[in-house]
Amino acid sequence: MDEVVCEKLAQAYAFLGNSLLRPVTQTADVGLDPAFWEAFPTFGDEGVAYAVRACAEFAHEARAREAAGGGDAALAAAVEHTRLFVGPPSPAAPPWETFHRAENVTMGFGRATFEMRETLRSLGLEVRNENNQYEDHIGIELLCLSEICRRRGAGASEDVGGEGAPGASAGAGVAGAPAGASATAPPSEARFLDERVLGWLPSLRAAVAKAAPGGYCDRLLAVVEALASWHRRELEG
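Engineer: It is not clear to me how the overall build of the chain should be interpreted in this structure. Could you clarify?
Structural biologist: Of the regular secondary structure elements, the chain holds nine helices and two strands. In sequence order, the chain lays out its α and β elements as α-α-α-α-α-β-α-β-α-α-α. Across the 237 residues in the chain, those meeting the buried criterion constitute 51%. A separation of at least 24 residues holds for 73% of the contacts in the chain among residues at least 6 apart in sequence. Just so you have it, the chain exposes about 10900 Å², and 51% of that area is on carbon and sulfur atoms.

Structure, rendered in structure tokens:
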């Protein structure tokens, strides 16, 4: 993949990560603008294009309902996000990898959290957000993937990390960490996609689809899965 493709991937993952990390009332609501999805990169893949079209249709319908007096579209999407990923009383679809790696998990901060924390440190990144989210939140994992893609596009070697972490502010919840934070080499794109995204995303999607079928988050996760699947195939060459 050339620099342009890597940059588009980085931007797409950053948008999706931020959108899943915080409700639209706390971020930009461009995802509720049909024109945004019409310009969203599909990388020539029909699976990505299909998921993106579904988001465009959702945005169009949400704006139409709003115009007809059906309520604030951004507020409705934010309420859905809160019910799914925050609660109370508890998230209908926990957004942390730990909850989807084993059955009957009731507490966070598991092995996946530690692994993601080490991955962030290996890249010279750390989580900085007012909600103190666990590092294995789907949004944070996508922001980390965004930074991996950005560095590849910039010509950074796979073992870059620790010193400086240039451009490490792809999302509101991830920022540069002190130099020399970890001696562990960061994972490759392929490994990160396999272990941190595609390995548990179907479980999260199923939980979201059960609690809020056809909703905004359901559509966003469909884009994530289609995009990550295409990305992984491209890496295989």
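Engineer: Looking at this model, I keep getting lost on the pattern of salt bridges. Mind explaining?
Structural biologist: Side chains that carry opposite charge are capable of pairing whenever their charged atoms lie near each other. Tallied over the full model, the rule gives 17 salt bridges. As a salt-bridge pair, Glu 66 and Arg 63 come within 3.1 Å of each other at their nearest N and O atoms. Linking Glu 66 with Arg 63, this pair stays in helix 3 (residues 46–67), spanning three residues, or about one helical turn. Owing to a relative accessible area of 26%, Arg 63 belongs among the partly exposed residues under this scheme. Across the pair Arg 196 and Glu 115 runs a salt bridge, and its minimum N-O distance is 3.0 Å. In this pair, Arg 196 sits in helix 7 (residues 189–198) while Glu 115 sits in helix 5 (residues 111–122), placing the two residues 81 residues apart along the sequence. Judged by its relative accessible area of 6%, Arg 196 is buried. By relative accessible area, which is 29% here, Glu 115 ends up partly exposed.

Engineer: What is the right way to look at the nonpolar core in this model?
Structural biologist: Inside soluble globular proteins, nonpolar side chains tend to come together where they are buried. Among the nonpolar cores identified, the biggest contains 59 residues, and Tyr 13, Leu 16, Trp 37, Leu 204 and Leu 227 are the most heavily contacted of them. When residues of this core are assigned to their parent elements, the largest contribution, eleven residues, is made by helix 9 (residues 216–236). For Leu 16, the contacting residues outside a window of four places in its chain are Phe 40, Leu 142, Leu 220, Val 223, Val 224 and Leu 227.

Engineer: Which parts of the structure should I look at to understand helix 8 (residues 201–211)?
Structural biologist: For the α-helix, the turn length of 3.6 residues means that residues three or four positions removed from each other point alike. Buried within helix 8 are the following residues: Leu 201, Leu 204 and Val 208. All buried residues of helix 8 fall inside an arc of 65° around its axis, so they share one side. Residues of helix 8 that are buried in the fold lie against helix 4 (73–85), helix 6 (138–153), helix 7 and helix 9.

Engineer: I tried to follow the packing of aromatic side chains on my own but got confused; where do I start?
Structural biologist: For any two aromatic rings, the description comes down to two numbers: the centre-to-centre distance and the angle of the planes. With the rule as written, the count across this model stands at twelve aromatic pairs. Seen from their ring centres, Phe 36 and Phe 40 are 5.9 Å apart, and the 65° between their planes marks the pair as edge-to-face. Among the residues examined, Phe 36 registers a relative accessible area of 23% and is labelled partly exposed. Among the residues examined, Phe 40 registers a relative accessible area of 8% and is labelled buried. Both rings, one in Phe 58 and one in Tyr 216, keep their centres 5.7 Å apart while their planes meet at 25°; by these two values the pair is stacked. Of this pair, Phe 58 sits in helix 3 while Tyr 216 sits in helix 9; the two residues are 158 residues apart in sequence, bridging distant segments of the chain. A residue is classified by how much of its surface remains accessible, and Phe 58, at 11% relative accessible area, is buried.

The rules behind each value
Residues numbered from 1 in each chain as written. Predicted model: local features only at pLDDT ≥ 70, side-chain atom pairs only at ≥ 80, totals over all residues. Heavy atoms only, no water. Helix = DSSP H or I, 4+ residues; strand = E, 2+ residues; numbered from the N terminus. Buried < 20%, exposed > 50% of the residue type's maximum accessible area, 1.4 Å probe, protein only. Contact = heavy atoms within 4.5 Å. Areas by Shrake-Rupley, 256 points an atom, 1.4 Å probe, with all protein chains shown as cover. Salt bridge = Lys/Arg side-chain N within 4 Å of Asp/Glu carboxyl O. Core = buried A, V, L, I, M, F, W, Y, C linked by side-chain atoms within 4.5 Å. Arc of directions from axis to C-beta. Phe/Tyr/Trp six-rings, centres within 6.5 Å; stacked < 30°, edge-to-face > 60°.

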